[in-house]
Amino acid sequence: MSKARADGPVLFFCGNEGDIEVFANFSGFLREAATALGAQLVFAEHRFYGQSLPFGPEAGLHSDFGRLQVQYLNVEQALEDYAQLIRFLVPESLRAQRPVVAFGGSYGGMLSSWMRAKYPELIFAAAPWMEWTLADFRFDRCKSDPVASSAPVHFDRVGGSFFRMVTDAAEAVSPGCAQRVRRGFAAATSQSRQHLRAAFSLCNDDVRLDELILWARNAFVTVAMGNYPYATNLFGQGLKAWPLKSACEQKGLNALEFLAKAVGSYYNATGGVICHNITEEYRDCADQTGCGNLHSAWGRSWDVEACRQIVYYTSTNNVTDMFPAKEWGPRQLSQYCKQTWNITPETFWFGPWLSKIQQSSHIIFTYGLSDPWRGGGVLNSSRRSDLVSLKIREAGHIYDLAASHPDDLPDVRKVRPS
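All values reported here derive from a predicted model rather than from experimental measurement.

Notes on the nonpolar core
The nonpolar side chains of a soluble globular protein tend to be buried, and buried together. Ranked by size, the top nonpolar core spans 117 residues in total, and within it Trp-114, Met-115, Phe-200, Trp-215, Phe-220, Val-263 and Ile-310 carry the most contacts. Among the elements that line this core, the one with the most residues is helix α11 (residues 209-225), at 11 residues. Once you skip the residues sitting within four places of it in the chain, Met-115 turns out to touch Cys-14, Leu-79, Tyr-82, Ala-83, Ile-86, Pro-120 and Ile-123. Leu-73, Val-311, Cys-337 and Ile-343 belong to the second-largest nonpolar core, a separate cluster that totals 13 residues.

Some details on the sheet that holds strand β2 (residues 40-44)
With respect to topology, 3 strands assemble into an open sheet ordered β2-β1-β3, the strand pairing being parallel. Across the chains shown, the open sheet's two edge strands, defined by having one partner strand only, are β2 and β3 (100-103). On average, adjacent strands in this sheet sit at an angle of 20° to one another, irrespective of strand direction. As paired strands, strand β1 (residues 10-14) and β3 are joined by 4 bridges and run parallel to one another. Looking at β3, one finds that Phe-13 is bridged to Phe-103.

Observations concerning the confidence of the model for the protein chain
Summarising the model, the protein chain shows a mean pLDDT of 89, and 90% of its residues fall at 70 or more. A low-confidence stretch, residues 59-64 (pLDDT under 50), is modelled with 9 contacts involving residues beyond four sequence positions or located in other chains. Ignoring residues within four places in sequence, the model shows residues 128-144, a span with pLDDT below 50, making 58 contacts including any to other chains.

A few points about the environment of Leu-239
Residue placement: Leu-239 occurs in the loop between α11 and α12 (243-248). Once the C-alpha coordinates of Leu-239 and Gly-272 are considered, the two residues, 33 residues apart in sequence, prove to be 13 Å apart. Aside from chain neighbours lying at most four places away, what touches Leu-239 is Val-223, Ala-231, Thr-232, Asn-233, Ser-265, Tyr-266 and Ala-269.

Rules and cut-offs
Each chain carries its own residue numbering, running from 1 in the direction its sequence is written. Only residues with pLDDT of 70 or above have their local features reported here, since the model is predicted, and side-chain atom pairs are shown and tallied only from 80 upward, although totals for entire chains, interfaces and linings are computed over all residues. Calculation of side-chain values draws on the structure's entire complement of heavy atoms; hydrogens and water are dropped beforehand. Residues belong to a common nonpolar core when they are buried Ala, Val, Leu, Ile, Met, Phe, Trp, Tyr or Cys residues joined through side-chain atoms within 4.5 Å. Burial status follows relative accessibility: with a 1.4 Å probe on protein chains alone, a residue under 20% of its type maximum counts as buried, one over 50% as exposed, and anything between as partly exposed. The way it works is that DSSP assigns letters per residue, a run of H or I at least four long becomes a helix, a run of E at least two long becomes a strand, and they are numbered from the N terminus. Any two residues whose heavy atoms approach within 4.5 Å are treated as being in contact. We call two strands paired when DSSP finds no fewer than two bridges between them. Fitting a line to C-alpha atoms yields each axis, with helices limited to the stretch in contact; the angle taken between N-to-C directions then spans 0 to 180 degrees. Scored between 0 and 100, pLDDT is the confidence that the predictor attaches to each residue.

Written out as structure tokens, the structure is:
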């Protein structure tokens, strides 16, 4: 927590799928905002992530973190955790003087908007810094609006748009990239294990083609999300500025070599990787957009959430997107979740929560127009309920939560206070 005025507002960050220190270190803009407002800044860690393991670190890291424990991992309980913390930090007698602003990015952005919708007596609003730069959303008027950065709350729209938007982003930064990627994958399907090992600098021949395809696809997904105008380590160690463009413009003697170099530009961004172990660098899970790698402690917890409530059906078709066709619909997801966690996906769980958001007020949604998650976003403002949608050209995933930077895009500067 930052130092603050005793009567200042509270900026409350709803932690998402990961160690809260990672998001706290990344979200530099909130520190800037807290300083400007004399606000207390709180980063709350989500249960079952980081150090917040209800059953201890052993249960979180080993196989006994299983079906019995994860019944307590769901959105409703996470929201109540945050509500209890806010009640502790800001007693009822002080809430009129100390408004609470909820913030969050990605899944955390969903949580911040749901907090405003479910606990309006605790969260005056869910919106970022933009409120005191927009004429109709000045800080002295609405006190605070919850911030939902890159929050895909329309779950039903994600499946049909996500991989298409990765492809569109690649084409936007490097025309012809999608076709080069398609040719690369087509070439990979006809190669021997030995040839694939050599081309992709794999550590051994024990590679399945389907695993290699998902691993390679994940590289493009990640650099699309992390396509920032400056270097950052949030989405991978060593990523330079505009990593999607870098991947798309790799040079190769043939289609397979191009694909291998493009994928390597992500997995070996530091230049220090001697060979790639696919099973360590990529974790397949219920969420086909990614669950980190073998060493990402958050991956197992997110697998549970993607099986239960955060349900997306993200297939690829190699027509509207640049990736080999893979069906990931209700049958595939249900089978996986039943076998892995004995969970039946709650496909329509998001519907009532979306309605709560639509009936709420004072929420600002922000989306980067290069972010593949924007397809599930609230892309139109509602003046009736003060639900505002702001779009940032060329921006990647949760880019607007980062600290101010000399190379920031003009659009993100427009929505930040001067």
